[in-house]
Amino acid sequence: MGVGGKLVSIVAPFYNESEGVWIFYEALRAMASTVPDVRFEFICVDDGSRDDTLVHLLAANRLDPRFVVVELSRNFGKEAALTAGIDTACGDAVVPIDADLQDPPTLIPKMIEEWRKGAEVVLARRTDRSTDTFLKRKTAEGFYRLHNKLSTVAIPANVGDFRLMDKVVVAALKRLPERQRFMKGLFAWVGFKAVTVDYARQPRAAGKTKFSGWKLWNFALEGITSFSTAPLKVWTYVGTICALLTLTYAAYIVIRTLIYGIDVPGYASVLVAILFFGSLQLISIGLLGEYIGRMYLESKQRPTYLVRKCHRQGTE
Ligand code: UDP
Ligand code: MG
């Protein structure tokens, strides 16, 4: 053992989750009482909610000062909110968790157990995602497969942000300076000794998902461009192959013209070639744009998030 009295920080981002605050409050308090030899702090980050999530969170903080409320100045997105929470956490271990209880808090004691046995990272793997829609499961699966093919650091499949990290891992995470934080990728990048525990993905306790298809698509782009330059490099090869094919076709046309004479009709082939190569160039320029846009954002060095106020110990 020897970890008795250690502090574990649970970090949850809240965006328009007012219906879920008290369910979260009760579930985490119940979980904490099952691990009496560990102290807890619950870092609740209000990511610029437009409903009364913040009011409820502050009430929770007054009732139980273990609930720390970090108030962001506006909605910065889940990744930024998570970063804010991790930066605020003082625990010997940090556990990011979704506020909607899709990640079951009842798994946390098991994660702490593994941590006590010496794991630096305890990954929670969803073995059953039947509560997610078919489309979400399939697109997620496709994304992980593509990402891991292109990137040098593989993101373990079916593992989200829900995990336990020892403070050495958290310290490593804080050393990564990028502003656009694709947390799943950053978590994987830092490495360390990991063990896995399994769980079944729960349905949302209350409220609706905050991620539309378009948001998820951009999230996937962020993930791939943050950890791979393969989409930039592929154009060299696409270009080479096209050039070779074009040369072959050119040779064919020259020979045919020499043998059969000048052949005027060729409208279709010319148009197809122009449209094809035009589109190819637009796609490759668009991809360059994805990377340049990200370089531009990084180069401005703006902070990832801004805190209006951090409420600890029931302070107002
Ligand atoms: N979230 C956030 N900021 C946002 C969007 C979401 O902090 O801009 C939080 C949200 O409150 C929840 C977590 O991120 O605690 C996961 O969001 P959600 O459940 O909507 O995503 P899903 O589980 O459907 O992927
Ligand atoms: Mg959710």
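Here we summarise the structure given alongside this text. Computed from a prediction, not measured in an experiment: that's the story for all the values here.

What counts and how
Residues numbered from 1 in each chain as written. Chains lettered and ligands numbered in written order. Predicted model: local features only at pLDDT ≥ 70, side-chain atom pairs only at ≥ 80, totals over all residues. Heavy atoms only, no water. Helix = DSSP H or I, 4+ residues; strand = E, 2+ residues; numbered from the N terminus. Near = heavy atom within 4 Å. Polar contact = N/O pair within 3.5 Å; in protein donor to acceptor, adjacent residues only side chain to side chain. Areas by Shrake-Rupley, 256 points an atom, 1.4 Å probe, with all protein chains shown as cover. Nonpolar A, V, L, I, M, F, W, Y, C, P; charged D, E, K, R; others polar. Pairing = 2+ DSSP bridges. Axes fitted to C-alpha atoms, helices over the stretch in contact; angles between N-to-C directions. Contact = heavy atoms within 4.5 Å. Donors = N, O, S within 2.8 Å, 3.2 Å for Na, K, Ca; no water. Buried < 20%, exposed > 50% of the residue type's maximum accessible area, 1.4 Å probe, protein only. Patch = residues over 30% accessible without salt bridge, like charges linked within 9 Å, V, L, I, M, F, W, Y side chains within 5 Å. Salt bridge = Lys/Arg side-chain N within 4 Å of Asp/Glu carboxyl O. Phe/Tyr/Trp six-rings, centres within 6.5 Å; stacked < 30°, edge-to-face > 60°. Lys NZ or Arg CZ within 6 Å of the ring centre and 35° of its normal. Parallel < 35°, antiparallel > 145°, perpendicular 65-115°, else oblique. Left-handed = near helix turned anticlockwise from the far one by under 90°.

Notes on unusual backbone geometry
Non-glycine residue asparagine 158 carries a positive phi angle of around 60 degrees. Structurally, asparagine 158 can be placed in the loop between α5 (134-150) and β6 (159-166). With phi around 80 degrees, phenylalanine 192 is a residue other than glycine that occupies positive phi space. Relative to the assigned elements, phenylalanine 192 resides in the loop between α7 (183-190) and β7 (194-200).

Considerations on the site of ligand 1
Taken together, 19 residues are adjacent to ligand 1, and Asp47, Asp100, Gln102, Thr209 and Lys210 come closest. Within the backbone of lysine 78, a nitrogen or oxygen atom sits 3.5 Å from a nitrogen atom of ligand 1. Between arginine 201 and ligand 1, the recorded distance is 3.4 Å, taken from a side-chain N or O atom to an oxygen atom. The fraction of the free accessible surface of ligand 1 (530 Å²) that becomes covered by protein chains is 95%. When grouped by side-chain class, the residues that make up the shell around ligand 1 number five nonpolar, four polar and 10 charged.

Concerning the sheet that holds β7
Strands sit in the order β7-β5-β6-β4-β1-β2-β3-β8 across an open sheet of eight strands; the sheet is mixed. At either margin of the open sheet sits one strand with a lone partner, and together these are β7 and β8 (307-311). When strand polarity is set aside, the average angle formed by the axes of neighbouring strands in this sheet is 20 degrees. Pairing between strand β5 (residues 121-128) and β6: four bridges, direction antiparallel. Paired with arginine 125 across the two strands is valine 159, which belongs to β6. The strands touched by helix α2 (residues 53-63) are β1 (7-14), β2 (39-46), β3 (67-72) and β8; relative to β3, the strand with the most contacts, the crossing angle is about 150 degrees. Those strands touched by α7 are β4 (93-96) and β6, and its axis lies near 45 degrees from that of β6.

A word on the coordination of the magnesium ion (ligand 2)
At the metal site, the magnesium ion (ligand 2) is ligated by Asp100 (OD) and Gln102 (OE1), and these contacts range over 1.9 Å. Taken individually, aspartate 100 and glutamine 102 each receive the classification buried, so the pair is uniform in this respect.

Observations regarding a nonpolar patch on the surface
On the surface, a nonpolar cluster with roughly 620 Å² of combined accessible area is contributed by Val254, Ile255, Leu258, Ile259 and Tyr260. With respect to the element layout, tyrosine 260 can be found in helix α9 (residues 230-260).

Details of the environment of glycine 85
Along the chain, glycine 85 turns up in helix α3 (residues 78-88). Through-space distance from the C-alpha of glycine 85 to that of aspartate 132 is 26 Å; in sequence the pair is 47 residues apart. The contact partners of glycine 85, leaving out residues within four places of it in the chain, are Val11, Ile43 and Val45.

Section: the packing of aromatic side chains
Describing an aromatic ring pair means giving the distance of the ring centres and the angle of the ring planes. By the definition in use, this model includes 13 aromatic pairs. Between phenylalanine 276 and phenylalanine 277 the ring centres are 5.1 Å apart and the planes differ by 75 degrees, which places this aromatic pair in the edge-to-face class. Given a relative accessible area of 41%, phenylalanine 276 falls into the partly exposed group. These aromatic residues form a ring-pair network of at least three members: Phe143, Tyr144, Phe182, Phe211, Phe219 and Phe227. The ring of phenylalanine 76 has arginine 74 lying over it, and the distance from NZ or CZ to the ring centre is 3.9 Å. Seen from the ring of phenylalanine 211, lysine 215 lies directly overhead, with NZ or CZ sitting 5.1 Å from the centre.

Structural notes on the packing of helix α1 (residues 21-33) against α2
Interhelical geometry of α1 versus α2 gives an angle of 30 degrees and a closest axis separation of 9 Å. Judged by the angle between their axes, α1 and α2 are roughly parallel. The hand of the α1/α2 crossing is right-handed. Contacts from Val21, Trp22 and Tyr25 of α1 reach α2 at Thr53, His56, Leu57, Ala59, Ala60 and Leu63.

A closer look at the pairing of β5
As defined by bridge partners, β5 adjoins β7 across seven bridges and the pair is classed as parallel. Pairing of leucine 123 across the sheet is with threonine 196, part of β7.

Quick look at the packing of α9 against helix α10 (residues 267-299)
Packing of α9 against α10 leaves a shortest axis separation of 10 Å and a crossing angle of 165 degrees. In terms of axis orientation, α9 runs roughly antiparallel to α10. α10 is crossed by α9, and the crossing has left-handed handedness. Contacts from Pro231, Leu232, Trp235, Val238, Cys242, Thr246 and Tyr249 of α9 reach α10 at Ser269, Phe276, Phe277, Leu280, Ile283, Ser284, Leu287, Leu288 and Tyr291. Within the contact of α9 with α10, the residues separate by chemical class into 13 nonpolar, three polar and no charged.

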